[in-house]
Amino acid sequence: MITCYIEYRIDPYKLDSFRKFCEAWIPIIQKHGGTHHGYFLPKEGASDIALGLFSFDSLYAYEQYREACKHDADARAASKIAADTRCIVRLNRQFMDPLLPARVDS
């Protein structure tokens, strides 16, 4: 498994636009085989930092998702939200190898 960690620098005055962008991407990632762990928007502290986390079974599966998004009308529309509103100033994408807690059945 691989988890994509994205740190966004956003325009804090365009938080509503960024929220719409996030809400649009969650089902797209799920549609293309990913598990979305959510977006984390600023609440207290820095008002211009947000995070997104989602996982795929492998880097290859992530690359397939990226390719599929090029032909997905919903993905293009979601990207257009950010392009039109300029709510994202910069982003940093990293791939992590998650170490998850063991599932305990009681």
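Here is a short report on the structure shown in this document.

### Side note on the overall build of the protein chain
For step 1, the next point in the chain: Looking only at helices and strands, one finds three helices and four strands in the protein chain.
For step 2, the next point in the chain: When the helices and strands of the protein chain are listed from N to C terminus, the series reads β-α-β-β-α-α-β.
For step 3, the next point in the chain: Principal axes of the C-alpha set define a box for the protein chain whose edges measure 45 × 35 × 25 Å.
For step 4, the next point in the chain: A buried classification covers 30% of the 106 residues belonging to the protein chain.
For step 5, the next point in the chain: In the protein chain, the share of contacts with a sequence separation of at least 24, taken over all contacts with a separation of at least 6, comes to 73%.

### Considerations on the sheet that holds strand β3 (residues 49-56)
For step 1, the next point in the chain: Reading across from one edge, β2-β3-β1-β4 is the order of the four strands in this open sheet, with antiparallel pairing throughout. In this open sheet, the two edge strands, each paired with only one partner strand, are β2 (35-40) and β4 (88-96). Averaged over all pairs of adjacent strands, the angle between strand axes in this sheet comes to 15°, irrespective of strand direction.
For step 2, the next point in the chain: Both strand β1 (residues 2-10) and β3 contribute to a ladder of eight bridges, which runs antiparallel. By the bridge assignment, Ile2 is partnered in β3 with Phe56.
For step 3, the next point in the chain: Helix α2 (residues 59-69) contacts β1, β3 and β4 of the sheet and is inclined by roughly 110° relative to β3.

### Let's talk about the pattern of salt bridges
For step 1, the next point in the chain: Counted according to the given criterion, the structure contains seven salt bridges.
For step 2, the next point in the chain: In this structure, Asp72 and Lys31 form a salt bridge, with 2.7 Å as the shortest nitrogen-oxygen distance. Placement of Asp72 in the loop between α2 and α3 (73-85) and of Lys31 in helix α1 (residues 15-31) is noted, with a sequence separation of 41 residues between them.
For step 3, the next point in the chain: Residue Asp72 is classed as buried on the basis of its relative accessible area, which comes to 7%.

### Description of the pairing of β3
For step 1, the next point in the chain: With five bridges joining them, β2 and β3 adopt antiparallel strand pairing. Bridged to His36 within β3 is Phe54.

### Overview of the packing of aromatic side chains
For step 1, the next point in the chain: Scanning the model with the defined rule gives twelve aromatic pairs in all.
For step 2, the next point in the chain: Taken together through their ring pairs, the aromatic side chains of Tyr8, Phe18, Phe21, Trp25 and Tyr39 make up a single cluster.

### Digging into α1
For step 1, the next point in the chain: Over its 17 residues, α1 extends 25 Å from the first C-alpha to the last, a length consistent with the 24 Å expected when each residue adds 1.5 Å.
For step 2, the next point in the chain: Every buried residue belonging to α1 is among Phe18, Phe21, Cys22, Trp25, Ile28 and Ile29, and all of these are buried.
For step 3, the next point in the chain: Taken together, the buried residues of α1 touch β1, β2, β3, α2, α3 and β4.
For step 4, the next point in the chain: With its phi angle positive at about 95°, Gly33 sits one or two positions after the end of α1.

Scoring rules and cut-offs
Residues numbered from 1 in each chain as written. Predicted model: local features only at pLDDT ≥ 70, side-chain atom pairs only at ≥ 80, totals over all residues. Heavy atoms only, no water. Helix = DSSP H or I, 4+ residues; strand = E, 2+ residues; numbered from the N terminus. Buried < 20%, exposed > 50% of the residue type's maximum accessible area, 1.4 Å probe, protein only. Contact = heavy atoms within 4.5 Å. Pairing = 2+ DSSP bridges. Axes fitted to C-alpha atoms, helices over the stretch in contact; angles between N-to-C directions. Salt bridge = Lys/Arg side-chain N within 4 Å of Asp/Glu carboxyl O. Phe/Tyr/Trp six-rings, centres within 6.5 Å; stacked < 30°, edge-to-face > 60°. Expected span 1.5 Å × (residues − 1).

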